[in-house]
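Take a look at the letters that make up each chain.
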Amino acid sequence: MTFAELNLAVFRGERTGRVLWQPRLEYWYNYNLAAGTMPPHLQGMSLYDLYDYCHASVRYFTKPLKRKFKTVQVTETWLDEQHLEIVYDTPVGSVREIFHHDEYKLSPYRSEYPIKTPDDFKIFEYLLRDQEWYWDQPEFERDLAAVAGRGAPQFYFPRCPIQRLFIQLMGFENAIFMMSDYPDVVGHYAGVVTETDESMYRVLCDAPISILNFGENIDANMDPPSIWRKHLVPYYRKRSAQLRAARKFTHIHVDGSFQPLLDDLRDSPFDAIEALTPLPQGDASLEETKYAVGDRILLDGIPAIYFLPLYSTETCIEFARRVIELFYPKLILGVSDELPPDGDIERVRLIGEMLETNRY
Amino acid sequence: MDVLDQVRESVIEGSKADALKFTQQALDENIPPATILNQALVPAMGEIGKRFERKECFVPEMLLAARAMQAGVALLKPHMVEADKQPIAKIVLGTVKGDMHDVGKNLVGMMLEGAGFEIVDLGVDVPPEKFVQAVLLQHPQLVGMSALLTTTMPWMGKTIASLQQAGLRDRIKILVGGAPVTSEYARQIGADAYGADAASAVRVAKSLLEN
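All of the points below concern the structure found in this document.

Criteria and cut-off values
- Residues numbered from 1 in each chain as written.
- Chains lettered and ligands numbered in written order.
- Predicted model: local features only at pLDDT ≥ 70, side-chain atom pairs only at ≥ 80, totals over all residues.
- Heavy atoms only, no water.
- Helix = DSSP H or I, 4+ residues; strand = E, 2+ residues; numbered from the N terminus.
- Rg over C-alpha atoms; globule rule 2.2 N^0.38 Å.
- Contact = heavy atoms within 4.5 Å.
- Areas by Shrake-Rupley, 256 points an atom, 1.4 Å probe, with all protein chains shown as cover.
- 1 Å grid on protein atoms, 1.4 Å probe; cavity = no way out; pocket = protein on both sides within 12 Å on 5 of 7 lines; lining within 4 Å.
- Points joined across faces, edges and corners; volume = space filled by probe spheres on them.
- Nonpolar A, V, L, I, M, F, W, Y, C, P; charged D, E, K, R; others polar.
- Axes fitted to C-alpha atoms, helices over the stretch in contact; angles between N-to-C directions.
- Left-handed = near helix turned anticlockwise from the far one by under 90°.
- Buried area = accessible area lost by both parts, 1.4 Å probe.
- Salt bridge = Lys/Arg side-chain N within 4 Å of Asp/Glu carboxyl O.
- Polar contact = N/O pair within 3.5 Å; in protein donor to acceptor, adjacent residues only side chain to side chain.
- Expected span 1.5 Å × (residues − 1).
- Buried < 20%, exposed > 50% of the residue type's maximum accessible area, 1.4 Å probe, protein only.
- Core = buried A, V, L, I, M, F, W, Y, C linked by side-chain atoms within 4.5 Å.
- Lys, Arg positive; Asp, Glu negative; His and termini not counted.
- Phe/Tyr/Trp six-rings, centres within 6.5 Å; stacked < 30°, edge-to-face > 60°.
- Lys NZ or Arg CZ within 6 Å of the ring centre and 35° of its normal.
- Pairing = 2+ DSSP bridges.

**A few points about the overall build of chain B**
Reasoning step 1: Helix and strand counts for chain B come out as nine helices and five strands.
Reasoning step 2: The C-alpha radius of gyration of chain B comes to 18 Å, within 12% of the 17 Å expected for a compact globule of 211 residues.
Reasoning step 3: When its C-alpha atoms are laid out on the principal axes, chain B stretches across 55 × 35 × 30 Å.
Reasoning step 4: Partitioning the contacts of chain B with sequence separation of at least 6, the portion at a separation of at least 24 is 72%.
Reasoning step 5: In the structure as shown, chain B presents an accessible area of about 9200 Å², 49% of it carried by carbon and sulfur atoms.

What follows is the structure in structure tokens.
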């Protein structure tokens, strides 16, 4: 059975006797390559070679959902070595965002958000109505061929309206203030996003892909129960139902604090939850994590800090065993949430070897 | 409900408009600014901090309350005599080198300000030498560092080492926090304390002053 077949089998609820090991290694690989800190015995390896070295499956390797604008002009300008300005020009005005890049250009961060005032929402509405979504089948087929069965295709797509506002469009603090000061403006914006996202969801429903990720980056500090229940869950229920009707499996990325959301996650409409990070790095125990996941599948589960020298290899392996014990067969084991660049790749390989040889 | 109660409630409810309105009303009623600060605005933030620790409110409510409090304080400042403005301590805050995350740090700053601390906020991506310079120039009692990435956490230890090298370590207490940071990590790098969140940071900061 290939990793791709095993990946799908887990979502179909099959007991295969095997645990799929699917840590996300891209950032570790790209950072160490750029920084010149790749361990000597791994130099010259491609990313997929590294996954094979670690006996690991690949989760995200394709992103065939594409967007284009009919009339909006998008201009990208490097202001200096680190700052990329993107300006969206529309007939009703322009908005600008600036990305701060680190020295290796691997981890961009918005240092300026596009929506700053209530009036900017009108410009953004034009942008939303002007966009078109399509599926790039040739790119999808190339990606499938390259990954060669190492994982089942899946990807994340634009967030729900409020998470998009928090993370991409305004920044969390300003979005909270905007929601308080101009609730009607934000409510209208959320309605426009929901309306214009329909075309994206049509493409997703028709896509030749079985698993889709809501890349929401949920954190209870940002999304406490009040915000989750009022602003996020209605959207998630609507979209999950659409995708389920189109025979898709779904998972949601919850990579921050989640202890206040245990009951809400247990009640959520997804087939799986990705990136939940238990103590000591997160704020909920492994048992509380199990409660939150309920009948769903857990993707990941081993805190990333267990791959740092701060903790022993034995501690890391023992925790992996506990996760397997608690969650198998509803488990795709991985690092919560990605292996950091200073993480020990040999621990990743050790777990992969363990899962290659053990049966459950 | 008297006007001080209304000031308190407006901060707890997170209403900047009401905080401004009732703070101005209190001033118009000739209530001393220090009284408005110490009996309404500061206790309101204290109450929010307690509710946060009890998980009865969360970061969005804290942000709105802090903004309301800051609005009230800004209205009071021109009316306050120098003695009334004395903070209980000064703290230099920053997110360490390579890290651009600031929401947690900002919230800690707001909560500490609400509790009577003077904040010197160095911002984000702060290298060790900038922390050293700030300690030299500002003479704080405390230094607070935030990191949200496992790759930037090591800069906390390097900053502590730089402060040690500059002969400043004994002059200050250091608290650290951020998602991947743990109390064990704080101990290992030689910090004096670890703050799990913004509300506990106030409690921890105050306890450091007592020791």
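Let us keep going from here.
**Here's the deal with empty space enclosed by the protein**
It is a probe the size of a water molecule, rolled over the atoms, that shows where empty space is left.
Residues and elements named next belong to chain A.
Reasoning step 1: Evaluated as defined, the whole model comprises one cavity of 30 Å³ or more.
Reasoning step 2: Size it by volume and the largest cavity reaches roughly 40 Å³.
Reasoning step 3: As for the largest cavity, its lining consists of Phe-3, Arg-18, Val-19, Trp-21, His-55, Gly-352, Leu-355 and Glu-356.
Reasoning step 4: For the lining of the largest cavity, the element with the most residues is helix H13 (residues 345-357), which contributes three residues.
Reasoning step 5: Residue composition of the lining of the largest cavity, grouped by class: four nonpolar, two polar and two charged.

**Description of the packing of helix H1 (residues 3-12) of chain B against helix H3 (residues 33-53) of chain B**
Residues and elements named next belong to chain B.
Reasoning step 1: Running from N to C, H1 and H3 point in directions that differ by 35°, and their axes come no closer than 9 Å. At the point where H1 passes H3, the crossing takes the right-handed sense. Where H1 abuts H3, its residues Leu-4, Val-7, Arg-8, Val-11 and Ile-12 lie against Thr-35, Ile-36, Gln-39, Ala-40, Leu-41, Pro-43, Ala-44, Met-45, Glu-47, Ile-48 and Arg-51.
Reasoning step 2: A per-class count over the contact of H1 with H3 returns 11 nonpolar, two polar and three charged.

**Here's the deal with the interface of chain A and chain B**
Reasoning step 1: Taken together, the 26 residues of chain A in the interface contact 22 residues of chain B.
Reasoning step 2: Carbon and sulfur atoms make up 69% of the area that chain A and chain B hide from each other, which totals about 2000 Å².
Reasoning step 3: When the buried area of chain A at its contact with chain B is split by residue, Tyr-109, Glu-173 and Leu-310 of chain A rank highest and sum to 28% of it.
Reasoning step 4: For the interface between chain A and chain B, the tally reads one salt bridge.
Reasoning step 5: For Arg-67 of chain B, the salt bridge is made with Asp-181 of chain A, and the minimal N-O distance between the two is 2.8 Å.
Reasoning step 6: One can count three residue pairs in polar contact (both at pLDDT 80 or more) joining chain A with chain B.
Reasoning step 7: Ranked by residues supplied to the side of chain A that touches chain B, first place goes to helix H7 (residues 172-181) of chain A with six residues.
Reasoning step 8: Its residues assigned to classes, the side of chain A that touches chain B comprises 17 nonpolar, six polar and three charged.

**So, H13 of chain A**
All names here are of chain A.
Reasoning step 1: Counted at 1.5 Å a residue, the expected span for H13 with its 13 residues is 18 Å, and the 19 Å between its end C-alpha atoms agrees.
Reasoning step 2: Those residues of H13 lying buried are Ile-345, Arg-347, Val-348, Ile-351, Gly-352, Met-354 and Leu-355.
Reasoning step 3: Buried positions along H13 lie against strand E1 (20-21), helix H2 (26-35), helix H3 (47-53), strand E12 (297-303), helix H12 (313-327) and strand E13 (331-336).

**So, the nonpolar core**
Reasoning step 1: Within the largest apolar cluster, 160 residues are counted, with the highest numbers of intra-cluster contacts made by Trp-21, Phe-157, Tyr-236, Ile-302, Leu-333 and Ile-351 of chain A.
Reasoning step 2: Counting 25 residues, the second-largest nonpolar core is a separate cluster that includes Ala-134, Val-143, Ile-174 and Ile-189 of chain B.

**Focus: the side chain of Asp-102 of chain A**
Residue and element names in this part refer to chain A.
Reasoning step 1: Along the chain, Asp-102 turns up in the loop between strand E5 (93-100) and strand E6 (109-112).
Reasoning step 2: No salt bridge is formed by the buried Asp-102. Its closest oppositely charged neighbour is Lys-105, at 7.2 Å.
Reasoning step 3: Side-chain polar atoms of Asp-102 contact the backbone nitrogen of Lys-105, separated by 2.7 Å.
Reasoning step 4: Within the local environment of Asp-102, its side chain forms a polar contact with the backbone nitrogen of Leu-106, the two atoms lying 3.0 Å apart.

**Quick word on the packing of aromatic side chains**
Reasoning step 1: For the structure shown, the criterion picks out 19 aromatic pairs over all chains.
Reasoning step 2: Centroid distance Phe-166 of chain A to Phe-172 of chain A: 5.1 Å. Interplanar angle 85°. Geometry classified as edge-to-face.
Reasoning step 3: Relative accessible area serves as the criterion here: at 9%, Phe-172 of chain A is assigned to the buried category.
Reasoning step 4: Of the aromatic side chains, those joined through ring pairs into one cluster are Phe-157, Tyr-201, Phe-214, Trp-228, Tyr-235, Tyr-236 and Phe-270 of chain A.
Reasoning step 5: Between the NZ or CZ atom of Arg-239 of chain A and the centre of the ring of Tyr-201 of chain A, over which it lies, the distance is 4.2 Å.
Reasoning step 6: Taking NZ or CZ as reference, Lys-158 of chain B lies 4.3 Å from the ring centre of Trp-155 of chain B, over its face.

**Points about the sheet that holds strand E9 (residues 211-214) of chain A**
Within a beta sheet, neighbouring strands are joined by backbone hydrogen bonds and run either parallel or antiparallel to one another.
Residue and element names in this part refer to chain A.
Reasoning step 1: Spatial ordering of the open sheet is given by E1-E13-E12-E11-E10-E9-E8, a layout of seven strands whose pairing is parallel. At either end of the open sheet lies a strand with only one pairing partner, and these are E1 and strand E8 (154-157).
Reasoning step 2: Relative to strand E10 (residues 249-253), E9 runs parallel, the two being bridged by four bridges. Each bridged residue has a counterpart across the sheet, and for Ile-211 the counterpart in E10 is Phe-249.
Reasoning step 3: This element, helix H1 (residues 3-11), spans E1, E8, E9, E10, strand E11 (272-274), E12 and E13 of the sheet and lies at about 105° to E13.

**With respect to the sheet that holds strand E4 (residues 173-177) of chain B**
Residue and element names in this part refer to chain B.
Reasoning step 1: The parallel open sheet is built from five strands, whose spatial order is E2-E1-E3-E4-E5. One side of each edge strand has no neighbouring strand; the edge strands of this open sheet are strand E2 (117-121) and strand E5 (193-194).
Reasoning step 2: Relative to E2, strand E1 (residues 89-95) is paired through five bridges, and the arrangement is parallel. Looking at E2, one finds that Leu-93 is bridged to Asp-121.
Reasoning step 3: Against the sheet, helix H9 (residues 198-210) makes contact with E1, E2, strand E3 (142-146), E4 and E5, and its axis sits at roughly 165° relative to E4, the strand it touches most.

So yeah, pure geometry; function would need other evidence.
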